[in-house]
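# Descriptive analysis of the structure
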Amino acid sequence: MGEEADGTDEVADLFRALGRQIRVARERAGLSQKELGERVGYGEETISSVERARRTPQPELLAAVDRVLECGGLLAAAAEDVDRAKARRRVRHPEWFRDYARLEAEAVEICFYSTLTMPGLLQAQSYARTIFTARRPCLDEETIEQRVAARLDRQEILTCWPPPMVTAVIEESVLHRRIGGREVQQEQLRHLLKLAELRNVEIQVLPLECQGHAGMEGPFILLTPKGKPQVGYGEFQSVNRLITDPDQVRMLALRYGSIRGQALNPAESSALIAKLLGER
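Residues numbered from 1 in each chain as written. Predicted model: local features only at pLDDT ≥ 70, side-chain atom pairs only at ≥ 80, totals over all residues. Heavy atoms only, no water.

Structurally, V184 can be placed in helix 10 (residues 182-196). Under the relative-accessibility criterion, V184 is labelled buried at 12%. A C-alpha to C-alpha distance of 8.6 Å links V184 and T130, two positions 54 residues apart in sequence. Each residue touching V184, except ones within four places of it in the same chain, is listed here: S126, Y127, T130 and I179. (Helix = DSSP H or I, 4+ residues; strand = E, 2+ residues; numbered from the N terminus. Buried < 20%, exposed > 50% of the residue type's maximum accessible area, 1.4 Å probe, protein only. Contact = heavy atoms within 4.5 Å.)

This is the structure in structure tokens:
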């Protein structure tokens, strides 16, 4: 644990240094965070989070910022350092979660059934921050930001190559719940629609009028790591369990198939999400 903590500190120092370099270069060019984001194809919140070291500065972002701000390759050259740092930064996950995180990172298929909140892999930044802020006992601010950054880092697997196949069945009530307020809820719904456009992501909504289904016992996750048997994972209050017994995993897979059959199909689900956003 001592070595992991030291490594995490070094990673944080690297990201802080890169964030300061981006801010100095941006201000030298006379651009706001919003203006820089528009020029490199990222949101203002992303630029702000990277400058404050709250989010990993992805190599693609560094290259784009380097080009737009004419940094002469200074930022782009840090891409390899960032890739190495990202692997070390995974230690920020709570110890009980690290086994799951390792399996998720090497999965070829991930299946979510969610009843209370959005799956972590599909959460927008402000939504994730609200979730961690609401934890009891309370987490300190530094831990909250570390957990948010770690969650966002996990989401990179959605767009890496080859990507895992990700399916998610989300209770309609989760879409209506205004975690963090209406603005955060709206951002999360827009984020879901954007993810639903990815070829490897299928999002389905289990409608409120569904009178009974196989997921009545609560949420769960199914993971299929490359070259390994499928496993299950569940969380309940402070109890977190990785399920490896073949019969229990087979039962969860059976339930998941049944739940998907009762949910709206992906196109219908996206239409419902857009309707909640007032876009249809």
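There is more to say after this.
Since there are 3.6 residues in each turn of an α-helix, residues three or four apart along the chain are aligned in direction. The set of residues buried in helix 12 (residues 266-276) consists of S269, S270, L272, I273 and A274. In this structure, the buried residues of helix 12 make contact with helix 9 (172-176), helix 10 and strand 3 (201-206). Regarding helix 12, its N-cap is N265, as a side-chain oxygen of that residue lies 3.1 Å from the backbone nitrogen of A267 further along. In the stretch just after helix 12, G278 is the one whose phi turns positive, near 80°. (Polar contact = N/O pair within 3.5 Å; in protein donor to acceptor, adjacent residues only side chain to side chain.)

The buried count for strand 1 (residues 107-114) comes to 6 of 8 residues, which makes it a mostly enclosed element. Across 6 bridges, strand 1 lies against strand 4 (residues 220-225) in antiparallel orientation. The residue of strand 4 that forms the bridge with Y113 is F220. With 6 bridges connecting them, strand 1 and strand 2 (residues 165-171) associate as parallel partners. Bridge pairing links Y113 to V169 in strand 2. (Pairing = 2+ DSSP bridges.)

This part is about the pattern of salt bridges. This structure, assessed with the given rule, holds 9 salt bridges. R260 is paired through a salt bridge with E202; the nearest N and O atoms lie 2.8 Å apart. Here R260 is found in helix 11 (residues 246-262), whereas its partner E202 is found in strand 3, with 58 residues between them in sequence. Between E217 and R255 there is a salt bridge whose closest N-O contact spans 3.3 Å. Of this pair, E217 sits in the loop between strand 3 and strand 4 while R255 sits in helix 11, placing them 38 residues apart in sequence. (Salt bridge = Lys/Arg side-chain N within 4 Å of Asp/Glu carboxyl O.)

Turning to the nonpolar core, a few remarks are in order. Counting residues in each nonpolar core, the largest one holds 37 residues, and the members touching the most others are I110, I170 and L192. When residues of this core are assigned to their parent elements, the largest contribution, 5 residues, is made by helix 10. Beyond its immediate stretch of four places on either side in the chain, I170 contacts S114, M118, P119, L122, L175, L192, I203, Q204, V205 and L206. Of all hydrophobic cores here, the second largest spans 21 residues; its members include A25, L36, I47 and A53. (Core = buried A, V, L, I, M, F, W, Y, C linked by side-chain atoms within 4.5 Å.)

Glancing now at the packing of aromatic side chains. Throughout the structure, instances matching the rule amount to 3 aromatic pairs. For the ring pair Y100 and Y233, a centre distance of 4.5 Å and an interplane angle of 35° mean the geometry is tilted. Within this pair, whereas Y100 is found in helix 6 (residues 98-105), its partner Y233 is found in strand 5 (residues 231-236), the two being separated by 133 residues in sequence. Its relative accessible area of 1% is what places Y100 among the buried residues. Here F220 and Y256 contribute two aromatic rings whose centre-to-centre distance is 6.3 Å and whose plane-to-plane angle is 75°, an arrangement assigned as edge-to-face. With a gap of 36 residues between them, F220 in strand 4 and Y256 in helix 11 connect regions that are remote in the sequence. (Phe/Tyr/Trp six-rings, centres within 6.5 Å; stacked < 30°, edge-to-face > 60°.)

On to a negative patch on the surface, then. Among the surface-exposed residues, E35, E38, E44 and E45 lie close enough to one another that they form a single negatively charged patch. Broken down by secondary-structure element, the contributors of at least two residues to the negative patch are helix 2 (33-40) and helix 3 (44-51). (Patch = residues over 30% accessible without salt bridge, like charges linked within 9 Å, V, L, I, M, F, W, Y side chains within 5 Å. Areas by Shrake-Rupley, 256 points an atom, 1.4 Å probe, with all protein chains shown as cover. Lys, Arg positive; Asp, Glu negative; His and termini not counted. Charge placed at Lys NZ, Arg CZ, Asp CG, Glu CD.)

It is worth spelling out the side chain of H213 at this point. Inspection of the secondary structure puts H213 in the loop between strand 3 and strand 4. For H213, a relative accessible area of 15% puts it in the buried group. Here E171 takes part through its side chain, which lies 3.3 Å from a polar atom of the side chain of H213. Here G215 takes part through its backbone nitrogen, which lies 3.0 Å from a polar atom of the side chain of H213. Once residues within four sequence positions are removed from consideration, H213 is found in contact with Y113, E171, L206 and Q262.

Let us look at unusual backbone geometry. Cis geometry marks the peptide bond from R136 to P137; its omega dihedral reads 0°. Within the secondary structure layout, P137 lies in the loop between helix 7 (125-133) and helix 8 (141-154). Omega for the bond connecting W161 with P162 falls within 30 degrees of zero, at -5°, which places this linkage in the cis form. When you line up the elements, P162 lands in the loop between helix 8 and strand 2. At E70, a position not held by glycine, the phi torsion is positive, near 55°. Mapped onto the fold, E70 is located in the loop between helix 4 (59-68) and helix 5 (79-89). Here E70 falls in the exposed class, since its relative accessible area comes to 68%.

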